[in-house]
Amino acid sequence: MSETIALAEAHRLAVAALVAANTSPANAASVADALIAAEADGLASHGLSRVAAYADQAKVGKVDGQAVPTLTATAPGTLLVDAKDGFAYPALAAGIARAAEMAKSAGTVAVGIANSHHFGAAGLHVEAAAKHGLVALLFGNSPAAIAPWGGSKPLFGTNPIAFACPRAGKPPLVIDLSLSKVARGKIMVAAQKGEAIPEGWALDPSGAPTTDAKQALAGTMLPLGDAKGAALVLMVELLSAALTASHFGFEASSFFDAKGPPPRVGQLLLLIDPARLAGDAFAARVETLLGAVLGQAGTRLPGARRLALRDKAAKDGIKVPADLLADLRKRAAG
């Protein structure tokens, strides 16, 4: 059973639930912006299903709902953002706003987010940067879920990568992918619903293939591309955690519960002003390539489905499982 509610009402409930859990109104709004945007884009695993875990963590201080990120420009083209054990969303939003200004003079800017938390649907952050006319690439690590290739114990996170390219007069092209075969959030949702998962997504704690979502969460995720994917996961750990002096996946506590210390993971955002390299030709070159893609029958650009769902959600609202909505309303009421 589910209920359809307007995006504005979903946003109000998320903000109220977080504020009731010792989160500042500004931080709660920033988090809710991202979660509702994910819901509208059809990414329920990074949407309202996260509110309960976020709120429980804020209550006990595993994430500091009152944190105000600090920004330090360490060079003309580097910006360090300390999330202060708070939510990643306000830290990333502040970093993107400052870095977009820096890119006007520096041309390229590297933004490191330290002492951070779960950053949700990575594509939303690079899309925000691309709306400033910048090419954006984002890396982030997460609590251990993937074993080194040939190993059996989780060491690396699922470590998403996101890319966005601005387009003249059109929404940015956005590519967002997890380096596990599927996003861990999808398995979490399946576990909450008591549903099975397809074989090939994960292994149980003994290293055997499993279709049991709860056993998968207790075991390890399989990397995209097998050994090559495991190498990419290692690369992202170094880019996001080592470069920000944050926790590696095996050092970070879970995003899903209120146990343990803050996860203190990291993110790295790279912003490029395309005019500094391609000049005025950039926009036309982008459309030449994308046009060639669409010129073949049966093709579509990454994000086409997401944008269609976003438009529909703005008009018709979103469907929320009845039990999740009931919990949100209870939390919002304090």
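Above this text sits the structure in question.
All values reported here derive from a predicted model rather than from experimental measurement.

Participant: Would you mind showing me how to read the overall build of the protein here?
Facilitator: Counting its regular elements, the protein contains 11 helices and 11 strands. Computed over the C-alpha atoms, the radius of gyration of the protein is 20 Å, within 12% of the 20 Å expected from 2.2 N^0.38 for a compact globule of 334 residues. Principal-axis analysis of the C-alpha atoms gives the protein an extent of 50 × 45 × 45 Å. Residues counted as buried form 49% of the 334 residues belonging to the protein. For the protein, restricting intrachain contacts to residue pairs at least 6 apart in sequence, the fraction spanning at least 24 positions comes to 66%. Summed over all atoms, the accessible surface of the protein reaches about 14900 Å², with 60% contributed by carbon and sulfur. Positive and negative charge centroids in the protein, built from 31 and 27 side chains respectively, lie 2 Å apart.

Participant: Please clarify how the pattern of salt bridges should be interpreted in this entry.
Facilitator: Two side chains with opposite charge may pair up if their charged atoms get near one another. Counted by the stated rule, this structure contains 16 salt bridges. Taking the shortest distance from any N to any O, the salt bridge between Arg331 and Asp327 comes out at 2.8 Å. A residue pair is termed a helical-turn pair when its members lie 3 or 4 positions apart in one helix, as Arg331 and Asp327 do in helix 11 (residues 322–332) at 4 residues. Take Asp327: its relative accessible area is 27%, and that puts it in the partly exposed class.

Participant: Even after reading the chapter, I still don't get the pairing of strand 11 (residues 318–321), so can you show me in this structure?
Facilitator: The side chains of a regular strand alternate between both faces of the sheet. Of the two faces of strand 11, only the one carrying Ile318 and Val320 is buried; Lys319 and Pro321 on the other face are not. When strand 1 (residues 2–5) meets strand 11, the two strands line up antiparallel, connected through 4 bridges. Residue Thr4 lies in a different strand from strand 11, and its bridge partner there is Lys319.

Participant: Got a minute to help me understand a nonpolar patch on the surface in this structure?
Facilitator: Nonpolar side chains collect at one region of the surface, where Ile175, Leu177 and Leu224 lie side by side and expose about 210 Å² of accessible area between them. Here Leu224 lies in the loop between strand 9 (220–221) and helix 8 (227–240). Among the residues examined, Leu224 registers a relative accessible area of 42% and is labelled partly exposed.

Participant: Where do I start with the sheet that holds strand 10 (residues 265–272) in this structure?
Facilitator: The strand order across the open sheet built from 7 strands is 2-3-4-10-5-6-7, with neighbouring strands paired in mixed fashion. Single-partner strands in this sheet number two, and they are strand 2 (70–75) and strand 7 (170–177). Adjacent strand axes in the sheet meet at a mean angle of 15° when their direction is disregarded. In the sheet, strand 5 (residues 135–140) pairs with strand 6 (residues 161–167) via 4 bridges, with the strands oriented antiparallel. Counterpart to Phe139 in the pairing with strand 6 is Ile161. Docked against the sheet, helix 5 (residues 122–130) engages strand 5, strand 6, strand 7 and strand 10, running at close to 30° with respect to strand 6.

Participant: Would you mind showing me how to read helix 6 (residues 184–193) here?
Facilitator: An α-helical turn contains 3.6 residues, so any two residues separated by three or four positions project in the same direction. With 7 of its 10 residues buried, helix 6 lies for the most part within the structure. By the burial criterion, the buried members of helix 6 are Arg184, Gly185, Ile187, Met188, Val189, Ala190 and Ala191. Along its buried surface, helix 6 packs onto strand 8 (202–203), helix 7 (213–218) and strand 9. Looking one or two residues past helix 6, Gly194 carries a phi angle of roughly 70°, positive in sign.

Participant: Before we go on, may I ask you to explain the packing of aromatic side chains in this structure?
Facilitator: For any two aromatic rings, the description comes down to two numbers: the centre-to-centre distance and the angle of the planes. Going through the model one piece at a time under the given rule, you end up with 3 aromatic pairs. For the pair Phe248 and Phe250, a centre-to-centre distance of 6.2 Å together with 10° between the ring planes defines the contact as stacked. Through successive ring pairs, a cluster of aromatic residues spans Tyr54, Phe87 and Tyr89.

Participant: Before we go on, may I ask you to explain the environment of Pro223 in this structure?
Facilitator: Along the polypeptide, Pro223 turns up in the loop between strand 9 and helix 8. Residue Pro223 is classed as buried on the basis of its relative accessible area, which comes to 3%. Other than its neighbours up to four places away in sequence, Pro223 contacts Ile146, Trp149, Leu179, Ser180, Lys181, Gly229 and Ala230.

Participant: Looking at this model, I keep getting lost on the packing of helix 1 (residues 7–19) against helix 11. Mind explaining?
Facilitator: Two measures define how a pair of helices packs: the angle their axes make with one another and the distance between the axes. Their axes nearest at 7 Å, the elements helix 1 and helix 11 cross at an angle of 50°. What the angle tells us is that helix 1 and helix 11 run oblique. Once helix 1 is placed against helix 11, the crossing between them reads as left-handed. Of the residues in helix 11, those in contact with Leu13, Ala16 and Ala17 of helix 1 are Leu325, Leu328, Arg329, Arg331 and Ala332. A breakdown of the residues in the contact of helix 1 with helix 11 according to their chemical character gives 6 nonpolar, no polar and 2 charged.

Participant: Looking at this structure, how should I read unusual backbone geometry?
Facilitator: Note: most peptide bonds trans; most residues except glycine with negative phi. In this model, Lys84 sits at a positive phi of 60°, which is unusual for a non-glycine residue. Here the phi dihedral of Asp85 falls at roughly 65°; this positive angle occurs in a residue that is not glycine. Structurally, Asp85 can be placed in the loop between strand 3 (78–82) and helix 4 (88–106).

Participant: I tried to follow the side chain of Ser116 on my own but got confused; where do I start?
Facilitator: Among the secondary structure elements, Ser116 is positioned in strand 4 (residues 108–116). Contact partners of Ser116, with chain neighbours within four places excluded, come to Ala83, Gly86, Ala88, Pro263, Arg264, Val265 and Gln267.

Participant: When you look at the environment of Gly169 in this model, what are you seeing that I'm missing?
Facilitator: Structurally, Gly169 can be placed in the loop between strand 6 and strand 7. As a C-alpha pair, Gly169 and Ala283 span 114 residues in sequence and 9.8 Å in three-dimensional space.

Basis of the calculations
Residues numbered from 1 in each chain as written. Predicted model: local features only at pLDDT ≥ 70, side-chain atom pairs only at ≥ 80, totals over all residues. Heavy atoms only, no water. Helix = DSSP H or I, 4+ residues; strand = E, 2+ residues; numbered from the N terminus. Rg over C-alpha atoms; globule rule 2.2 N^0.38 Å. Buried < 20%, exposed > 50% of the residue type's maximum accessible area, 1.4 Å probe, protein only. Contact = heavy atoms within 4.5 Å. Areas by Shrake-Rupley, 256 points an atom, 1.4 Å probe, with all protein chains shown as cover. Lys, Arg positive; Asp, Glu negative; His and termini not counted. Charge placed at Lys NZ, Arg CZ, Asp CG, Glu CD. Salt bridge = Lys/Arg side-chain N within 4 Å of Asp/Glu carboxyl O. Pairing = 2+ DSSP bridges. Patch = residues over 30% accessible without salt bridge, like charges linked within 9 Å, V, L, I, M, F, W, Y side chains within 5 Å. Axes fitted to C-alpha atoms, helices over the stretch in contact; angles between N-to-C directions. Phe/Tyr/Trp six-rings, centres within 6.5 Å; stacked < 30°, edge-to-face > 60°. Parallel < 35°, antiparallel > 145°, perpendicular 65-115°, else oblique. Left-handed = near helix turned anticlockwise from the far one by under 90°. Nonpolar A, V, L, I, M, F, W, Y, C, P; charged D, E, K, R; others polar.

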